[in-house]
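# A closer look at the structure
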Amino acid sequence: MTSPKPTASAWGIAFILGGMCAISINDVLMKQLSGDYPLHQMVFVRSGIGIVFSLMLVQMEGGWQILRTHQPGLHVLRCLLLVISNMTYFTALAVLPLADSTALFFVAPLFITLLSIPILGEKVGPLRLAAVAVGFAGVVIMQRPWVSTAALDVHRIVLLLPVLAALTYALNQLMTRRLGISSKASALSVYVQLMFLAVSAMFWLVAGDGRHAVGVENQSLIFLLRAWVWPAEGDWIFFIGLGVNSAIVGYCLSQAYRLSDAATVAPFEYIGLPLAVFWGWAIFNSLPDLEVWLGMALIIGSGLFVFLREQQKARRVARGMIDRRD
């Protein structure tokens, strides 16, 4: 007897898990290089290498014709949202511990669940909405509103950057779900890589010589504005790793949200949280504070609840359809 074929939802979950593992490695590499290179240079090199692999995937999925689109404006908007998400997240990552940045960013699946109501017309019940509220409470705890700005290790704006990254990322993924109806995952990945190349090239034209970083003391701004330099010989392996990961991430996330319902795959992105804690401990010798642990627990708990409720709802709908056929 042959085993049943994986469903679209199962494939979506598999792709999101693969994409999150690649993202965790990408974050480690970006943080590792952030002390010596500007963000826009790292993005340019990463995307330049990544687009080669993405174009290979284009050939595997149908050839150059799949790059044609009748919705160029929406694709540009989607890509800009992802660029904003990456730039704001990595600007924060340069100065925040890996686990803290990741945990704050992981409000994104909650945003996806919430925004899927008006954008995709998906139905989200009161219990899941309450769970989303609990998750946002975890984000507030991690922001430490009871602590004065002077007592924080970083500026409050830096703490809010991963949340802004999460919001723009959520909007990007919901647009991926809609645009994926007519576009292949490899084509979506190529569009994103091209946008990254264009934006980082514009950064180079404006700030590539480092003149805007002179006299700046904020480490996040220095990361954005420092001059481009030729990578050291030992760093090329990290840049190549960034490029390969970029292609993997772009393809896996696009494919996941093409194949499966947004509320189904989004909670599986939480695998990135334990991965971030592990890499932060193993490579950067840092572990989260109590507030971060508590915030992560609330975010993970609410995300899992949303997922379980979604699965319970899907089973009820399936049973109802069977009963009607009977």
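Note that the structure is predicted; figures quoted are calculated from it, not measured.

On the surface, a nonpolar cluster with roughly 470 Å² of combined accessible area is contributed by F278, W281, L287 and W293. Among the structural elements, F278 can be located in helix 12 (residues 272–282).

Where helix 5 (residues 108–120) bends most, at L114, the angle is about 35 degrees, and the proline P118 comes one to four residues later. Among the residues of helix 5, A108, P109, L110, F111, I112, T113, L115 and S116 are the ones counted as buried. Backbone geometry just after helix 5 places G121 at a positive phi near 70 degrees.

To describe two helices that pack against each other, one gives the angle between their axes and the distance between the axes. Running from N to C, helix 4 (residues 98–105) and helix 12 point in directions that differ by 170 degrees, and their axes come no closer than 8 Å. Here helix 4 lies roughly antiparallel to helix 12, going by the angle between them. For the pair helix 4 and helix 12, contact is made by L98, A99, T102 and A103 and by G272, L273, A276, V277, W279 and G280, respectively. Among the residues forming the contact of helix 4 with helix 12, the class breakdown is seven nonpolar, three polar and no charged.

Let us now look at the pattern of salt bridges. Scanning all chains against the criterion turns up three salt bridges. A salt bridge links D289 to R144; the nearest nitrogen and oxygen atoms lie 3.5 Å apart. Here R144 lies in the loop between helix 6 (126–143) and helix 7 (156–179) and D289 lies in the loop between helix 12 and helix 13 (290–325), a separation of 145 residues in the sequence. Exposure remark for D289: the relative accessible area of 42% places this residue in the partly exposed category. Here D209 makes a salt bridge to R211, at a shortest N to O gap of 2.7 Å. According to the relative accessible area criterion, D209 is partly exposed, its value standing at 48%.

What follows covers the side chain of R226. Of note, R226 is situated in the loop between helix 9 (219–225) and helix 10 (236–259). No salt bridge forms around the buried R226; measuring N to O, its nearest opposite-charge neighbour D36 is 6.7 Å away. At 2.7 Å, the side chain of R226 forms a polar contact with the backbone oxygen of S34. Residues within four places of R226 in sequence aside, it is in contact with S34, G35, D36, Y37, P38, H40, A207, G210 and A213.

A word on the nonpolar core. Formed by 87 residues in total, the largest nonpolar core has its most connected members in L39 and F105. In this structure, F105 is in contact with S85, Y89, P162, A165, A166 and Y169, ignoring residues within four places of it in sequence.

A full pass over the atoms with the stated rule returns 14 aromatic pairs. Ring plane angle 65 degrees and centroid distance 5.3 Å describe the contact between Y89 and F90, whose orientation is recorded as edge-to-face. Side by side, Y89 and F90 carry an identical accessibility label, which is buried. Between F105 and F106, the ring centres sit 6.1 Å apart and the planes meet at 85 degrees, which makes this aromatic pair edge-to-face.

Moving on: the confidence of the model for the protein. Taken over all residues, the pLDDT of the protein has a mean of 83, while the share at 70 or more is 90%. Ranking the helices and strands of the protein by mean pLDDT puts helix 12 first, with 89, and helix 13 last, with 71.

Take unusual backbone geometry next. Here the phi dihedral of N285 falls at roughly 55 degrees; this positive angle occurs in a residue that is not glycine. Summarising the element assignment, N285 is placed in the loop between helix 12 and helix 13.

In contact at an axis separation of 10 Å, helix 1 (residues 8–33) and helix 3 (residues 72–93) are set at 60 degrees when each is read in the N-to-C sense. With respect to each other, helix 1 and helix 3 are oriented oblique. Relative to helix 3, the crossing made by helix 1 is right-handed. Counting all contacts with helix 1, which are made through N26, D27, M30 and K31, the residues of helix 3 involved are Y89, F90 and L93. Split into classes, the residues belonging to the contact of helix 1 with helix 3 amount to four nonpolar, one polar and two charged.

Rules behind the numbers
- Residues numbered from 1 in each chain as written.
- Predicted model: local features only at pLDDT ≥ 70, side-chain atom pairs only at ≥ 80, totals over all residues.
- Heavy atoms only, no water.
- Patch = residues over 30% accessible without salt bridge, like charges linked within 9 Å, V, L, I, M, F, W, Y side chains within 5 Å.
- Areas by Shrake-Rupley, 256 points an atom, 1.4 Å probe, with all protein chains shown as cover.
- Salt bridge = Lys/Arg side-chain N within 4 Å of Asp/Glu carboxyl O.
- Helix = DSSP H or I, 4+ residues; strand = E, 2+ residues; numbered from the N terminus.
- Bend = angle between axes of the 7 residues up to and from the residue.
- Buried < 20%, exposed > 50% of the residue type's maximum accessible area, 1.4 Å probe, protein only.
- Axes fitted to C-alpha atoms, helices over the stretch in contact; angles between N-to-C directions.
- Parallel < 35°, antiparallel > 145°, perpendicular 65-115°, else oblique.
- Contact = heavy atoms within 4.5 Å.
- Nonpolar A, V, L, I, M, F, W, Y, C, P; charged D, E, K, R; others polar.
- Lys, Arg positive; Asp, Glu negative; His and termini not counted.
- Polar contact = N/O pair within 3.5 Å; in protein donor to acceptor, adjacent residues only side chain to side chain.
- Core = buried A, V, L, I, M, F, W, Y, C linked by side-chain atoms within 4.5 Å.
- Phe/Tyr/Trp six-rings, centres within 6.5 Å; stacked < 30°, edge-to-face > 60°.
- pLDDT = per-residue confidence, 0-100.
- Left-handed = near helix turned anticlockwise from the far one by under 90°.

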